[in-house]
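# A closer look at the structure
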Amino acid sequence: MFMPNSYAERIVPGHGDKRSKIAIVGEFTDNFDDRALRPFSGPGGSVLEQCLHAAGLIRGEVYLTNVIKTKPIEKGKARGFGGTNAEYFNDSKGIFTAKAGPHLDMLRDEIDGLAANVIVAAGPAAFAALAGSAKAAKLRGYVVPSTGFGAVRKVIPTLSPAATIRGGYTNRHLIVADLKKAKSECDFSEIVRPQRQLVYHYDTVQEALDWLEYFVDQPRVCFDIEVINFETSC
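So, a few notes on the structure that sits alongside this text. (Residues numbered from 1 in each chain as written. Predicted model: local features only at pLDDT ≥ 70, side-chain atom pairs only at ≥ 80, totals over all residues. Heavy atoms only, no water.)

What follows is about the environment of Ala151. Structurally, Ala151 can be placed in the loop between β6 (144–145) and β7 (154–158). Counting along the chain gives 40 residues from Ala151 to Ile111, while the straight-line C-alpha distance between them is 9.4 Å. Residue contacts for Ala151: discarding those within four places in its chain leaves Asp112 and Ser146. (Helix = DSSP H or I, 4+ residues; strand = E, 2+ residues; numbered from the N terminus. Contact = heavy atoms within 4.5 Å.)

Take a look at the structure:
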């Protein structure tokens, strides 16, 4: 068990019902969390509550925790030099430092003690701790398996709520969409992929015309377009 060295490194434990079907894992403990001894207690937590409400959830329905459970004691560094929490996680490389090791062990024990079917990784450091990848922005909304835990859990990466406080306000809609995905996935533990039949090419003009006629009678048809300089390219 990791023991902090001083008051400046006191542990901020997870908060909520361990029987909750959804757990949300943030990245780092900040001064707000440290003072309240609860994760997501600052402005980022207020954003999260708004997003939860928009997704049809409330804070009391989810379990909340952070990867790093003590506030940083080193002065934050500028981005490009490891990030503002470089003593624990290198943003540019997407890897944890040796100092983060005890926190990762503690997180594994914590997650193994939860009943959650879905874990939302709020930010690249949280995603790296849960699924071994820091590409939270690229993979957000996808259901991926956890790594390094006693049982495989469904992990859904999303953006850090704190990252939408100053700029990037529209990204809150993406967080809401990811929380709605978590809500739809929380009743079962299995990863169920949608069954799709993909058509990659048409051998004849008549085959293409037949498919167009087929699509006319479908209740919903989706198109994927490409845009360059705000103009449709294909």
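Next comes the rest of the description.
Further remarks concern helix α4 (residues 124–131). Within α4, 7 of the 8 residues are buried, which leaves it mostly tucked inside the rest of the structure. Within the sequence span of α4, burial applies to Ala125, Ala126, Phe127, Ala128, Ala129, Leu130 and Ala131. Positioned one or two residues after α4, Gly132 has a phi angle of 80°, which is positive. (Buried < 20%, exposed > 50% of the residue type's maximum accessible area, 1.4 Å probe, protein only.)

So, about the nonpolar core. Membership of the largest hydrophobic core comes to 28 residues, with the highest contact counts inside it found for Val25, Val67, Phe96, Leu107, Ile111, Phe127 and Leu130. When contributions to this core are tallied by element, the ones reaching two or more residues are β1 (22–28), β2 (62–68), α3 (101–112), β5 (118–122) and α4. With 7 residues, α4 is the single largest residue contributor to this core. Sequence-distant contacts of Leu107, that is, excluding residues within four places in its chain, are made with Val25, Thr65, Asn66, Val67, Lys69, Ala129, Leu130 and Phe149. (Core = buried A, V, L, I, M, F, W, Y, C linked by side-chain atoms within 4.5 Å.)

The next subject is a nonpolar patch on the surface. Taken together, the side chains of Val199, Tyr202, Val205, Leu209, Leu212, Tyr214, Phe215, Val221, Phe223, Ile225 and Val227 make up a nonpolar region of the molecular surface, amounting to roughly 1100 Å² of accessible area. The dominant element in the nonpolar patch, judged by the number of residues it contributes, is helix α7 (residues 205–216), at 5 residues. Relative to the helices and strands, Ile225 resides in the loop between α7 and β8 (227–228). (Patch = residues over 30% accessible without salt bridge, like charges linked within 9 Å, V, L, I, M, F, W, Y side chains within 5 Å. Areas by Shrake-Rupley, 256 points an atom, 1.4 Å probe, with all protein chains shown as cover. Salt bridge = Lys/Arg side-chain N within 4 Å of Asp/Glu carboxyl O.)

Turning to the packing of aromatic side chains, a few remarks are in order. Each aromatic ring pair is summarised here by two numbers: the centre-to-centre distance and the angle between the ring planes. Applying the stated criterion across every chain yields a total of 4 aromatic pairs. Measuring from ring centre to ring centre gives 5.7 Å for Trp211 and Phe215, while their planes differ by 35°; the resulting arrangement is tilted. Taken together, the residues Trp211 and Phe215, both in helix α7 and 4 residues apart, mark about one turn of the helix. Residue Trp211 is classed as partly exposed on the basis of its relative accessible area of 25%. Chaining the aromatic ring pairs together yields one cluster made of Trp211, Tyr214 and Phe215. Taking NZ or CZ as reference, Arg35 lies 5.3 Å from the ring centre of Phe32, over its face. A cation over an aromatic ring shows up here: Lys154 above the ring of Phe188, its NZ or CZ 3.7 Å from the ring centre. (Phe/Tyr/Trp six-rings, centres within 6.5 Å; stacked < 30°, edge-to-face > 60°. Lys NZ or Arg CZ within 6 Å of the ring centre and 35° of its normal.)

What follows concerns the pattern of salt bridges. Using the criterion set out here, one finds 10 salt bridges in the structure. Salt-bridge contacts for Glu49 lead to Arg59; the nearest nitrogen and oxygen are separated by 3.2 Å. With Glu49 in helix α2 (residues 43–54) and Arg59 in the loop between α2 and β2, the pair connects residues that are 10 residues apart, well separated along the chain. Classification of Glu49 by relative accessible area gives partly exposed; the value is 41%. Judged by relative accessible area, which is 16%, Arg59 ranks as buried. A salt bridge links Lys154 to Glu185, with the nearest nitrogen and oxygen atoms 2.9 Å apart. Residue Lys154 is found in strand β7, and its partner Glu185 is found in helix α6 (residues 171–185); the two are separated by 31 residues along the sequence. Each of the two residues, Lys154 as well as Glu185, counts as buried. A single salt-bridge network, built from bridges that share partners, covers Arg10, Asp34 and Lys71.

Another aspect to go through is the environment of Tyr63. Examined against the element boundaries, Tyr63 turns out to sit in strand β2. Residues Tyr63 and Asp17 lie 46 residues apart in sequence; the distance between their C-alpha atoms is 5.8 Å. Beyond its immediate stretch of four places on either side in the chain, Tyr63 contacts Gly14, His15, Gly16, Asp17, Lys18, Ser20, Ile22, Ala23, Ile24, Glu110 and Leu114.

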